[in-house]
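Observations on the model geometry
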Amino acid sequence: MKRLSNRVLALSILLPAVLIILLSSGMAVHQLKRETAITAGILMKQIDRVTGIARHATRITAEMADRPCDEILEKMTSVGALPYIRNTGLIRDDNLVCSSVTGAKIRNASELYGTRLSTGGGGVRIFSLSGTTSVPGQQAVIYAADAGHGMTAFSVVDARHFTDLMNALDNETHAALQLQFSGGPVISGQKKISAHSPAFRAAFHSPYSQAHLLVQTPVRSLLHPGLRNILFLGPLSLLLTLIALYVWRHWHSKKLSLADEIRKGMDAGAFSVHYQPICETATGKCAGAEALIRWQQKDGSFISPDVFIRAAEEHGMIISLTRHLFTLIAEDVSHWKVTTPFHLSVNIAAAHLADEAFTKDVLRLWVTLASSLNLVLEITERSLVEDADRASEKLNELRQRGCKVAVDDFGTGYCSLSLLQRLPVDYLKIDKSFIDTLSSAGTDTPILDTIVGLSKRLGLTTIAEGVSTTCQADWLRENDVPYAQGFRYARPMPSPTFYQWYSR
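Computed from a predicted model, the values in this text were never measured in an experiment.

Procedures and definitions
Counting starts from 1 at the beginning of each chain's written sequence and moves along it residue by residue. Selection of residues for local features in this predicted model requires a pLDDT of at least 70, selection of side-chain atom pairs for listing and counting requires 80 or more, and totals for whole chains, interfaces and linings are taken over all residues. As a rule here, side-chain values come from all non-hydrogen atoms in the structure, and water together with hydrogens is ignored. Take the buried residues of types Ala, Val, Leu, Ile, Met, Phe, Trp, Tyr and Cys, join any two whose side-chain atoms come within 4.5 Å, and each joined set is a nonpolar core. Each residue's exposure class comes from its accessible area (1.4 Å probe, protein chains only) as a fraction of the maximum for that residue type: buried when under 20%, exposed when over 50%, partly exposed otherwise. By the criteria applied, helices consist of DSSP H or I runs no shorter than four residues and strands consist of E runs no shorter than two, each listed in order from the N terminus. Residue contacts are counted whenever heavy atoms from the two residues lie within 4.5 Å of one another. Each reported salt bridge corresponds to a side-chain nitrogen of Lys or Arg within 4 Å of a carboxyl oxygen of Asp or Glu. The rule for pairing is simple: two strands pair if DSSP sees at least two bridges between them. Taking the helix axis as origin, the arc is that swept by the directions to the C-beta atoms. Known as pLDDT, the predictor's confidence for each residue is given on a scale from 0 to 100. Where helices are involved, their axes are fitted lines through C-alpha atoms of the stretch in contact, as for all axes, and angles between N-to-C directions lie from 0 to 180°.

To continue, consider the nonpolar core. In terms of nonpolar packing, the biggest core is built from 74 residues, with Ile 262, Tyr 275, Ile 329 and Leu 377 touching the most fellow members. At eight residues, helix α9 (residues 318–333) tops the list of elements feeding residues into this core. Setting aside its immediate chain neighbours within four residues, Ile 329 contacts Val 273, Tyr 275, Ala 291, Leu 344, Val 346 and Leu 365. If you look at the next biggest cluster of nonpolar residues, it comprises 41 residues, including Ile 47, Tyr 84, Cys 98 and Leu 179.

Pasting the structure below:
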């Protein structure tokens, strides 16, 4: 009996210890796999983003292949100035005949790049180089496409746009990252792991970018999280160990935060754009539309924009969400045929306006729009007040390219008259709260009268928001407010429905 008791005691001591070790090891491995997947996801998303820009640049260059270099050089140079693009050009018979860097100077492409830049039978071919004669020792990625007329269009991207991110991820995860495209040498971060060293290896692939990513993490990376788990679980009994396992599993399987759901929704294509017509008050004719992002759930219901936009701002995702909105807009309007001028309005968050990449983000959308579409950036008063000088500089640059600027929800913020007078603004959008004061004919509206009069004196065009009744529409028409939007004219509609409504 005593021997049995000793065995039970030993088992009682050893079993929790074994469970703690196994649990700690399992948690560490799971954490490693999760971090590996996150690391790979971040890098592959950036690779696909750069590929999208490079493919776009190459496509634009290919469309100019039938024209003389002197005629297309200015546009090619502007394409070569897109983010991440080092150079773009055209090749005929292995000779570089036009380039955003060298112009019309003819050079041998094989000598310049160390290989023939051909597509190998159509489509887009993506491959890496160890360097070029102009930038030796600096790895680059080539995006080549058949341009017809016996020519090949190409764009060059510096590999450092990938290696800088790889090195940053290496430092955070202790993993070694190796990136390889459909051809050419491997692109690696600073951290290296021998092929014979014990390590966890995971492979990822992007067909769009023709990229293969190998993530190698040393086994010793498990030591620190494993010991930490053991120290945390060590003092606990078997019961507490089992409870901790249950709690951990429960925690791991709980619903993702709204920020993660937003990110997941963007990846899954759950977001779409609805377009609310902006109409002329005098004729009722549609003169434009405001693009409004919508998030539809699997059950068909929609999450309120007030909820997910606020969450995106709080979690630092509003810029990513706006870039996603720009992509959706570009896809929607690509087939629209509208009467010039047609004003396409998009809302800009304060954080995005303050971001260094704001101007480039807007220009990436702008270059995809047809000439019949006038891009209007709707900025809140708060965005303009926070850093008026920097905001003016960015907006002036965009206005010089042809974009327009509207102050959204005017009258609800803190924009002083002196500031408004010197800001680069084209439109004032009157907030719905002021339009709602037009409850009946003859209603006294001193604030609304002041806003309309102020906009006229400043030479700004007014747009009324939230117009829902004939009485409101009549007042706006009689008081020379040229544009309005609201349920009185039409509700926001998905792109196909809107275009069908517009065509009618």
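This part covers the pattern of salt bridges. Following the criterion strictly, the structure yields 17 salt bridges and no others. A salt bridge links Glu 71 to Arg 67, with the nearest nitrogen and oxygen atoms 3.2 Å apart. In this structure, Asp 355 engages Arg 323 in a salt bridge whose closest nitrogen and oxygen atoms are separated by 3.9 Å. Note that Asp 355 is positioned in the loop between α10 (350–354) and α11 (358–366) and Arg 323 in helix α9, a separation of 32 residues in sequence. For Arg 323, a relative accessible area of 26% corresponds to the partly exposed category. Each of Glu 290, Glu 378, Lys 429 and Glu 465 takes part in salt bridges that share partners, so that together they form one network.

Strand direction decides the pairing type here: strand β9 (residues 199–206) and strand β10 (residues 211–218), joined by eight bridges, are antiparallel. Bridge pairing in β10 places Ala 199 opposite Pro 218. Turn length for the β9-β10 hairpin, with the two strands adjacent in sequence and antiparallel, is four residues, and the turn residue Gln 210 shows positive phi of about 50°.

In this section: the sheet that holds strand β8 (residues 187–188). Working definition: the strands of a sheet are paired by backbone hydrogen bonds and lie parallel or antiparallel to each other. Here we have four strands laid out as an open sheet, ordered β8-β7-β10-β9, and antiparallel in their pairing. The open sheet has two edge strands with one neighbour each: β8 and β9. Across five bridges, the pairing between strand β7 (residues 176–180) and β10 is antiparallel. Counted as the bridge partner of Ala 176 is Gln 216 from β10.

Before going further, it helps to spend a moment on helix α7 (residues 258–268). Listed as buried for α7 are Ala 259, Ile 262, Gly 265 and Met 266. All buried residues of α7 lie within an arc of 120° about the axis, which places them on one face of the element. Every exposed residue of α7 that faces more than 90 degrees away from the buried side is listed here: Lys 264, Asp 267 and Ala 268. Just beyond α7, the residue with positive phi is Gly 269, at close to 75°.

In regions of low pLDDT, the predicted coordinates are not meant to be interpreted in detail. When pLDDT is averaged along the chain, the result is 83, and 83% of the positions lie at 70 or above. This model gives residues 1–6 a pLDDT under 50, and the stretch forms zero contacts once residues within four places in sequence are excluded. Long-range and interchain partners of residues 251–256, a stretch whose pLDDT sits below 50, account for three contacts in this model, where long-range means more than four residues apart.

Next up on the list: unusual backbone geometry. For the peptide bond that leads from Thr 340 to Pro 341, omega is -5°, which places it in the cis range. By the secondary structure assignment, Pro 341 is in the loop between α9 and β14 (342–348). One non-glycine residue with positive phi stands out, namely Asp 93, at about 50°. Checked against the element boundaries, Asp 93 lands in the loop between β1 (85–92) and β2 (95–99). Backbone geometry places Asp 480, a non-glycine residue, at a positive phi of 60°. Residue placement: Asp 480 occurs in the loop between α17 (470–478) and β19 (483–484).

The subject of this paragraph is the environment of Gly 288. Mapped onto the elements, Gly 288 comes out in strand β12 (residues 286–296). Ignoring sequence-local partners within four residues, the contact set of Gly 288 consists of Gln 276, Pro 277, Ile 278, Phe 342 and His 343.

Overall, antiparallel pairing links the six strands, which are arranged β3-β2-β1-β6-β5-β4 in an open sheet. Looking along the sheet, the strands with just one partner apiece sit at the ends: β3 (107–108) and β4 (124–129). Across eight bridges, the pairing between strand β5 (residues 140–148) and strand β6 (residues 151–158) is antiparallel. When the bridges of β6 are listed, Ile 142 appears paired with Val 156. Together, β1 and β2 form the strand contacts of helix α2 (residues 69–80), whose direction differs from that of β1 by roughly 150°.

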